[in-house]
Amino acid sequence: MKRNKPELIVIGGANGSGKTTFAEEFIRENDFKYIGADAIAYELAPTDVMSVRVKAGRLFISRISEALANQQNIIIESTLSGTTFHRIISDAVLAGYRTTVIYLFLEDVALCINRVRERVLKGGHDVPTDDIVRRYERSAKLFWNHYRSSFDSWGLYRNVQNEFDMIAEGCEDEFEITHEEFFKLFISYVRGEQV
């Protein structure tokens, strides 16, 4: 009997887009190991996560490598605002994984900023506003122009008060749009047409 491929799911999106919420809902119903750099930083220093960012980043990579070696189903999150995830994706493909990226989109960076502020008020970690703004557009561009073609499949979702509505889904450049208005808005950010 042929064993199903293990799966790697990456939840991408700007800071405050709801990645952790999405991942937590997913793992309640699916047998996946969750790995998040922010969660690791919180484990290391609950009252000062910023002081352990570098160590948490190293542990994040280490835990992913260990999970891949053990052929575990994995769900991880990232802003996808840099290109370091290409190596993780390559490692997963070499290990025989089926890969999926889910990108969460909020239609205005101000919503992301407000969500991070609300998280801080509830005891969560902060992200400087300048970082949120810088990563917002960069993240969308990298997802659309680079990352989605590296995965077996992808989905683009809009977060509305922690309800996730699909905007589009596909494999590489073949896709189906399920919400035209928000797809056009997302593409306008990718093209740098929004300010």
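Up top is the structure these notes are about.
Before going into details, it helps to say that this report is about the structure given with it. Treat the numbers as computed from the prediction; the structure is a model and nothing was measured.

Bringing the layout of surface pockets into the picture now. Approximately 220 Å³ is the volume attributed to the second largest pocket. Lining the second largest pocket, in full, are Glu7, Ile9, Phe22, Glu25, Phe26, Phe32, Thr100, Ile102, Tyr157 and Phe164. Listed by contribution, the elements that provide at least two residues to the lining of the second largest pocket are strand 1 (7–13), helix 1 (19–29) and strand 4 (98–105). If one sorts the elements of the lining of the second largest pocket by residue count, helix 1 sits on top with three residues. Looking at the lining of the second largest pocket residue by residue, the classes come out as seven nonpolar, one polar and two charged.

Attention now moves to unusual backbone geometry. Keep in mind that most residues, glycine aside, have a negative phi and that most peptide bonds are trans. Here the phi dihedral of glutamine 71 falls at roughly 60°; this positive angle occurs in a residue that is not glycine. One can find glutamine 71 in the loop between helix 3 (53–69) and strand 3 (74–78). For glutamine 71, a relative accessible area of 28% corresponds to the partly exposed category. Even without being a glycine, leucine 80 presents a positive backbone phi close to 55°.

For the rest of this paragraph, the subject is empty space enclosed by the protein. Summary: where empty space remains is shown by rolling a probe the size of a single water molecule over the atoms. A full pass over the atoms with the stated rule returns two cavities of 30 Å³ or more. What the largest cavity holds in volume is close to 60 Å³. If you go around the largest cavity, the residues you meet are Ala14, Ser17, Tyr103, Leu104, Phe105, Leu106, Cys112, Tyr136, Ala140 and Tyr189. Of all the secondary structure elements, the ones that give two or more residues to the lining of the largest cavity are strand 4 and helix 6 (129–147). Of the residues forming the lining of the largest cavity, the biggest block, three residues, is contributed by strand 4. The residue inventory of the lining of the largest cavity, partitioned by class, reads nine nonpolar, one polar and no charged. A volume near 30 Å³ is recorded for the second largest cavity. Along the walls of the second largest cavity sit Ile61, Ile64, Ser65, Leu68, Arg87, Ile88 and Asp91, which together make up its complete lining. Elements supplying a minimum of two residues to the lining of the second largest cavity: helix 3 and helix 4 (85–94). Counting residues per element, the lining of the second largest cavity draws most heavily on helix 3, at four residues. Here the residues of the lining of the second largest cavity sort into four nonpolar, one polar and two charged.

Calculation rules
- Residues numbered from 1 in each chain as written.
- Predicted model: local features only at pLDDT ≥ 70, side-chain atom pairs only at ≥ 80, totals over all residues.
- Heavy atoms only, no water.
- 1 Å grid on protein atoms, 1.4 Å probe; cavity = no way out; pocket = protein on both sides within 12 Å on 5 of 7 lines; lining within 4 Å.
- Points joined across faces, edges and corners; volume = space filled by probe spheres on them.
- Helix = DSSP H or I, 4+ residues; strand = E, 2+ residues; numbered from the N terminus.
- Nonpolar A, V, L, I, M, F, W, Y, C, P; charged D, E, K, R; others polar.
- Buried < 20%, exposed > 50% of the residue type's maximum accessible area, 1.4 Å probe, protein only.

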